[in-house]
Amino acid sequence: MMTALVPFPESGYEAAAGSKGFSAEAAIIREQIDALKEARSRAVTLDTGDRETLRRMNEVAAECGKGDWDAEGAAALSPASFLTARRFLDALPASLRNPEVSLDPDGEMVFEWTGRARQAFSISFGAGGKLTYAGLFGPSTTHGVEYITYGIPRELVAKIQRACATR
Amino acid sequence: MGFPGNWWRRSSAPAQRDEVSEKVQDTELLARFLPDSKMFSSNGVRSSAFMPRKGSVSVFRITGMDDERIRGIGVAVLPIKPPKARAEIVAERVYAAGLSLEPDNKPEFHVNITGWPADSAKDEQKLLALQLASASTLKLHN
């Protein structure tokens, strides 16, 4: 374990922070940028796996600061989604394998775990701690919505463990 | 092989619209082109590759085509960001998920996967996308 500063590379949000806008939308964006800056400056405890996941999250943020990253009109990464993913990573039990990091076409960051054939679990991170998930456990399936409150819901951790268990 | 008109064997001549617009048969092979590395990994195709864009997912009929021709289609349809890989899936798996295949041949060989739940039911969309990703085979274009 070590203490590290949360990095956030050039991804377009920084540049946007310097722009002057007076509309309601501009105020919302400024608020989100401030939240990102706060997250960046926060000292947190990360193990090696978490650092790798965070590095990948920052890569995705840098690559997808603008829309159409999939050449099919996908939305840019939502800063609010990044923050929910960051909260989730901080609360993720160390016993769980590190997720692969991806992005949905609506701009929500995704963590995905893949086990053996037809074993997979995927979570999309929305604003306000919203977690939209789906999983395959052989012939069984699951899907639903949860929220991060004071940690990751226990049922969700169990489902991720189930998807990873038989790898 | 019981495909309508054996259209896929016409490797150079443009397929006739009335033939390629016919219903996609269970055994036909479809390709989803993946221009971004976030859509796949060494573990296979990720669910985000099959999440619907404006209510559909674009795939192409590739039954009987060689690798070079399939790659050529990918580059032709995504010229600015050529595919780094493709997900191949048999049509039967799409139907088994309860989704539909609507050929429009715009561009040639193009088919839309439709019948997705509404965007407000994203968890249901994710489950279907996860099922399609799990049922598909990753082919790298490097």
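Look above for the structure.
Residues numbered from 1 in each chain as written. Chains lettered and ligands numbered in written order. Predicted model: local features only at pLDDT ≥ 70, side-chain atom pairs only at ≥ 80, totals over all residues.

A.B. asks: I'm lost on the overall build of chain B in this one. Help?
C.D. replies: Assigned secondary structure in chain B consists of four helices and eight strands. Beginning at the N terminus, the succession of helices and strands in chain B can be written as α-β-β-β-β-α-β-α-β-β-α-β. The long-range share in chain B, meaning contacts at least 24 apart out of those at least 6 apart in sequence, stands at 73%. (Helix = DSSP H or I, 4+ residues; strand = E, 2+ residues; numbered from the N terminus. Contact = placed C-beta atoms within 7 Å.)

A.B. asks: Explain the overall build of chain A here, please?
C.D. replies: Broken down by element type, chain A carries five helices and seven strands. When the elements of chain A are put in sequence order from the N terminus, they spell out β-α-α-β-α-α-β-β-β-β-β-α. A total of 167 residues make up chain A; the buried ones form 35% of that total. Within chain A, contacts between residues separated by at least 24 positions form 60% of all contacts whose residues are at least 6 apart in sequence. (Buried ≥ 20, exposed ≤ 12 C-beta atoms within 10 Å, placed from the backbone.)

A.B. asks: Any chance you could explain the pairing of strand 6 (residues 130-137) of chain A here in plain terms?
C.D. replies: A regular strand carries its side chains on alternate faces of the sheet. Residue and element names in this part refer to chain A. Of all eight residues making up strand 6, six are buried, and the element is well covered by its neighbours. Two elements, strand 5 (residues 119-125) and strand 6, share seven bridges in a ladder whose sense is antiparallel. When the bridges of strand 6 are listed, Ser 124 appears paired with Thr 132. Hairpin connection, strand 5 to strand 6: the antiparallel pair is bridged by four residues, and Gly 128 has positive phi, about 70°. The pairing of strand 6 with strand 7 (residues 140-147) spans eight bridges and is antiparallel. Along strand 7, the bridge assignment pairs Gly 135 with Thr 142. (Pairing = 2+ DSSP bridges.)

A.B. asks: Help me understand the sheet that holds strand 5 of chain A in this model?
C.D. replies: Strand-to-strand pairing in sheets goes through backbone hydrogen bonds, with the strands running parallel or antiparallel. All names here are of chain A. The five strands lie next to each other as 3-4-5-6-7, forming an open sheet whose pairing is antiparallel. The strands lining the two open edges of the sheet, one partner per strand, are strand 3 (100-103) and strand 7. Across this sheet, the average inter-strand angle for adjacent strands is 20°, counted without regard to direction. With respect to the sheet, helix 5 (residues 154-165) is in contact with strand 4 (109-114), strand 5, strand 6 and strand 7, its orientation differing from that of strand 6 by roughly 35°. (Axes fitted to C-alpha atoms, helices over the stretch in contact; angles between N-to-C directions.)

A.B. asks: Is there a simple way to explain the interface of chain A and chain B in this structure?
C.D. replies: The parts lose accessible area when they come together, and the size of an interface is often stated as this lost area. Listed by partner, the interface residues are 26 residues for chain A and 22 residues for chain B. Breaking the side of chain A that touches chain B down by element, the ones donating at least two residues are strand 3, strand 4, strand 5, strand 6 and strand 7 of chain A. Counted by class, the side of chain A that touches chain B contains 11 nonpolar, nine polar and six charged residues. (Nonpolar A, V, L, I, M, F, W, Y, C, P; charged D, E, K, R; others polar.)

A.B. asks: Looking at this model, I keep getting lost on the sheet that holds strand 4 (residues 57-61) of chain B. Mind explaining?
C.D. replies: Residues and elements named next belong to chain B. Sheet architecture is open: six strands sit in the order 6-7-4-1-5-8, paired in antiparallel fashion. Both outer strands of the open sheet, strand 6 (100-103) and strand 8 (137-140), are each paired with one neighbouring strand and no more. Each neighbouring strand pair of the sheet contributes to a mean axis angle of 35°, computed without reference to strand direction. In this structure, strand 4 lies alongside strand 7 (residues 110-114), joined through four bridges in antiparallel fashion. In the sheet register, Val 57 faces strand 7, and the bridge partner there is Ile 113.

A.B. asks: Help me understand the packing of helix 3 (residues 48-63) of chain A against helix 4 (residues 79-91) of chain A in this model?
C.D. replies: The packing of two helices is summarised by the inter-axis angle and the distance between the axes. All names here are of chain A. Following both chains from N to C, one finds helix 3 and helix 4 inclined at 175°, their axes separated by 11 Å at the closest point. Judged by the inter-axis angle, helix 3 sits roughly antiparallel to helix 4. Counted together, Asp 50, Thr 53, Leu 54, Met 57 and Ala 61 of helix 3 and Phe 82, Ala 85 and Leu 89 of helix 4 form the full contact between these two elements. Looking at the contact of helix 3 with helix 4, its residues break down into six nonpolar, one polar and one charged. (Parallel < 35°, antiparallel > 145°, perpendicular 65-115°, else oblique.)

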